[in-house]
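Reading the structure
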Amino acid sequence: MKHPVKSRIFLFTKLPAAFFSGVRIWDVSEQQCMVTVPYKWFSQNPFRSTYFACLAMAAELSTGSLAMLHLYKRTPAVSMLIVKMEAVYVKKATGVTTFTCADGMALREAIEKAVTMGLPQSFTARASGVNEQGESVAEFLFTWSFRARS
């Protein structure tokens, strides 16, 4: 899916800071999600690069979108929450940074375990950010907790 209108509406209504920073979902499937964040006036820091919080928003969205895809209209409902985040910044982000999370099937497995076992499950998803030249800009690890609601 390429820049669907629904994802822009979702960002505008649920994550306005991400929307105004230019964060966009470029592609999402059961296996992976790609999210971009540009370097522009609204996402810049005083050091002429993309502000770390904007990079973190895009990285989180790449992992969270995958989890939400697997939770959509699920019975029983499953809650999700970030319990830990780690980041390594490799290179200055001065253009469009694309974050990819390819942990969709592993996220689905953690969700299934939360439902079948009836116990909270955690999974750490990786979001890798690269610039337009394909060079690594940042790596994020988000630990998500999933719990079936009763």
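Residues numbered from 1 in each chain as written. Predicted model: local features only at pLDDT ≥ 70, side-chain atom pairs only at ≥ 80, totals over all residues. Heavy atoms only, no water.

Here we come to the sheet that holds strand S2 (residues 33–37). What the six strands build is an open sheet, ordered S1-S2-S4-S5-S6-S3; its pairing is antiparallel. On the outer flanks of this sheet lie strand S1 (24–28) and strand S3 (78–89), each paired with one strand and no other. Sheet twist, expressed as the mean angle between neighbouring strand axes with direction ignored, is 25 degrees. Pairing geometry for strand S4 (residues 97–101) and strand S5 (residues 121–130), over three bridges, is antiparallel. Considered in S5, the bridge of Thr98 is made with Val130. Strand contacts of helix H3 (residues 52–71): S1, S2, S3, S4, S5 and strand S6 (136–148), with the helix running at about 40 degrees to S6, the strand carrying the most contacts. (Pairing = 2+ DSSP bridges. Helix = DSSP H or I, 4+ residues; strand = E, 2+ residues; numbered from the N terminus. Axes fitted to C-alpha atoms, helices over the stretch in contact; angles between N-to-C directions. Contact = heavy atoms within 4.5 Å.)

For the rest of this paragraph, the subject is the pairing of S5. On any regular strand, side chains alternate: one points to one face of the sheet, the next to the other face. A one-sided burial pattern is seen for S5, the buried positions being Gln121, Phe123, Ala125, Ala127 and Gly129 and the unburied ones Ser122, Thr124, Arg126, Ser128 and Val130. Relative to S6, S5 runs antiparallel, the two sharing 10 bridges. Note on S6: the bridge partner recorded for Thr124 is Thr143. Here S5 hands over to S6 after five residues, with Gly134 in that stretch at a positive phi of 85 degrees. (Buried < 20%, exposed > 50% of the residue type's maximum accessible area, 1.4 Å probe, protein only.)

Attention now moves to the packing of H3 against helix H4 (residues 104–117). It is at 9 Å that the axes of H3 and H4 come closest, and there the two elements cross at 50 degrees. Considering the angle they form, H3 stands oblique to H4. Crossing geometry of H3 relative to H4 is assigned as right-handed. Note on element contacts: H4 touches H3 through Gly104, Leu107, Arg108 and Ile111, opposite Thr63, Leu66, Ala67, His70 and Leu71. By residue class, the composition of the contact of H3 with H4 is five nonpolar, three polar and one charged. (Parallel < 35°, antiparallel > 145°, perpendicular 65-115°, else oblique. Left-handed = near helix turned anticlockwise from the far one by under 90°. Nonpolar A, V, L, I, M, F, W, Y, C, P; charged D, E, K, R; others polar.)

Per the stated rule, a full pass over the model turns up five salt bridges. Across the salt bridge formed by Arg74 and Glu112, the nearest N and O atoms sit 2.9 Å from each other. In this pair, Arg74 sits in the loop between H3 and S3 while Glu112 sits in helix H4, placing the two residues 38 residues apart along the sequence. Arg126 is paired through a salt bridge with Glu139; the nearest N and O atoms lie 3.3 Å apart. You can see Arg126 sitting in strand S5 and its partner Glu139 sitting in strand S6, a full 13 residues away along the chain. The exposure class of Arg126 is partly exposed, given its relative accessible area of 42%. (Salt bridge = Lys/Arg side-chain N within 4 Å of Asp/Glu carboxyl O.)

Two strands pair when backbone bridges link them, and S1 and S2 are joined in this way by four bridges, in the antiparallel orientation. Pairing of Ile25 across the sheet is with Val35, part of S2. In textbook terms, the turn of a hairpin is the stretch between consecutive antiparallel strands, and for S1 and S2 this stretch comprises four residues.

For the second largest pocket, the calculated volume is near 210 Å³. Around the second largest pocket, the lining residues are Phe10, Lys14, Leu15, Ala18, Met57, Glu60, Leu61, Gly64, Met68, Met80 and Trp144. For the lining of the second largest pocket, the secondary structure elements donating two or more residues are helix H1 (5–14) and H3. Per-element tally for the lining of the second largest pocket: the top contributor is H3, with five residues. Here the lining of the second largest pocket is built from residues that sort into eight nonpolar, one polar and two charged. (1 Å grid on protein atoms, 1.4 Å probe; cavity = no way out; pocket = protein on both sides within 12 Å on 5 of 7 lines; lining within 4 Å. Points joined across faces, edges and corners; volume = space filled by probe spheres on them.)

Functional significance is not addressed by these values, which are geometric in nature.
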